[in-house]
Amino acid sequence: MDWKVASSCDDQCIQTPPKWTDDNGTDTGGSAYWVTQTSSQYDRRWGTVLTKWVGSGKKQIDLGWEVTAKVGAGGNDATANFGTSGDTRVRELAPRCDTLVAGAKPGCTLPYFHPTFTVDTNLYPAAGAYYWLMQERLPDHAGARRWDSLLHYLGPDTTVKNSAGDPWTTDDSRKVVCPTSWKKHTADSSVGATDCDEYAMASTHESGGFPGGVNQVSGGDQCAQYFTDRMTNGNTEFGLFADTRTATRGPSGNERCGRAAINSTQNEKAFSKLPVARWRLLDNDGYFVNLPGYAHCQGADKTCTWKKIG
């Protein structure tokens, strides 16, 4: 039995001949075979082939394979196709290799797989509350797994350009939603220093500042406005409140983005551990955001209290 492997990698890949072994790890060479002395007609054979990418930039590789078998007694060939890179609409088994991800050696990933980033809401409860509310209230529910709505990473290989002709960056998107002219809502001193925190994040295609994106706005004033503050019931609890300085009735729920005054440390740290290098995220790669401290909440029209995760 011979295993034929095909690849779209061309001269950017090195491919080894198939190597077969039996259940005991015994090398049977370049083909699998059974003889009459085999203890069981169902003894298994294991085939291994290595495809190594040696190119640069990025390359998505389609893999295909088929097995041809020949019965010695009859001399008749039989062919079986055991699969390819998957459904052509999604290519779920087609690896993508690159040398572009900062902080990572050249490597490969399966871009069809969509990972989930979990925010540590024990450390960053205010940021977590804000992100959860935005997932619930924004029309596209960006990042929420229960809505099957992905965030898409803004990578270094984006083809979108800024006014200088350079690749569009996170800073370019942030300047649209959180310009230096923005005046944050006042809060009790116990909240600490606050910054402008946007949702969806400036590092995604779903950001209100991303040109041509589904949530594009001309400025952050078009986003739903919120701020964190100390509760007024005399205890030490904090909450997320609607900023009604402009929209006197608060956000309508039809806004395409969010902008909030969030504790500076939480704003800066909540997404700082997104494993871009380990996940090999490039432009338009999708992922979900999990907010465990608020998983018990039932809709955005009711008050919900954060729960510490053990």
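Here goes a summary of the coordinates provided.

1. Describing the sheet that holds strand E3 (residues 19-22)
Then step 1. A sheet is described by the order of its strands in space; here three strands give the open sequence E4-E3-E5, paired in antiparallel fashion. Lying at the two open borders of the sheet, with one neighbouring strand each, are strand E4 (27-29) and strand E5 (45-48). Looking at each pair of strands side by side, their axes are set apart by 30 degrees on average, direction ignored.
Then step 2. Across two bridges, the pairing between E3 and E4 is antiparallel. Paired with Thr-21 across the two strands is Asp-27, which belongs to E4.

2. Regarding the pairing of strand E14 (residues 194-199)
Then step 1. Across the six residues of E14, five count as buried, placing the element largely inside the fold.
Then step 2. Here E14 pairs with strand E17 (residues 258-263) via six bridges, running antiparallel. Within E17, the residue paired with Glu-198 across the bridge is Arg-259.

3. Remarks on the nonpolar core
Then step 1. Judged by nonpolar contacts, the single largest core of 32 residues is most densely connected at Val-119, Tyr-130, Tyr-131, Leu-151, Tyr-199, Phe-271 and Tyr-287.
Then step 2. When residues of this core are traced back to their parent elements, those giving at least two are helix H1 (125-137), strand E15 (224-230), E17 and strand E18 (286-290).
Then step 3. Counting residues per element, this core draws most heavily on H1, at eight residues.
Then step 4. Contacts of Phe-271, omitting those with residues within four sequence positions, involve Phe-117, Val-119, Tyr-131, Met-201, Tyr-287 and Val-289.
Then step 5. Counting nine residues, the second-largest nonpolar core is a separate cluster that includes Trp-182, Cys-196, Cys-223 and Phe-227.

4. What about the packing of aromatic side chains?
Then step 1. Inspection of the entire model under this criterion finds seven aromatic pairs.
Then step 2. Aromatic side chains Tyr-130 and Tyr-131 sit 5.7 Å apart centroid to centroid with 45 degrees between the ring planes, which places their arrangement in the tilted category.
Then step 3. Between Tyr-131 and Phe-271, the aromatic rings sit 5.9 Å apart at their centres with planes inclined by 90 degrees, giving edge-to-face as the arrangement. Remark: Phe-271 occurs in the loop between helix H3 (264-269) and helix H4 (276-279) and Tyr-131 occurs in helix H1; sequence separation between them is 140 residues.
Then step 4. Overall, the relative accessible area of 2% leaves Tyr-131 in the buried class.
Then step 5. With relative accessibility at 14%, the residue Phe-271 sits in the buried group.
Then step 6. Clustering of aromatic rings is evident, with ring pairs tying together Phe-117, Tyr-130, Tyr-131, Tyr-199 and Phe-271.

5. A short note on the state of the cysteines
Then step 1. Going through the model one piece at a time under the given rule, you end up with five disulfides.
Then step 2. In this model Cys-178 forms its disulfide with Cys-196; the gap between the sulfur atoms is 1.9 Å. Measuring the twist about the S-S bond at about -65 degrees, one finds the Cys-178-Cys-196 disulfide to be left-handed. In this pair, Cys-178 sits in the loop between helix H2 (170-177) and E14 while Cys-196 sits in strand E14, placing the two residues 18 residues apart along the sequence.

Reading guide: rules and limits
Residues numbered from 1 in each chain as written. Predicted model: local features only at pLDDT ≥ 70, side-chain atom pairs only at ≥ 80, totals over all residues. Heavy atoms only, no water. Pairing = 2+ DSSP bridges. Helix = DSSP H or I, 4+ residues; strand = E, 2+ residues; numbered from the N terminus. Axes fitted to C-alpha atoms, helices over the stretch in contact; angles between N-to-C directions. Buried < 20%, exposed > 50% of the residue type's maximum accessible area, 1.4 Å probe, protein only. Core = buried A, V, L, I, M, F, W, Y, C linked by side-chain atoms within 4.5 Å. Contact = heavy atoms within 4.5 Å. Phe/Tyr/Trp six-rings, centres within 6.5 Å; stacked < 30°, edge-to-face > 60°. Disulfide = S-S within 2.5 Å.

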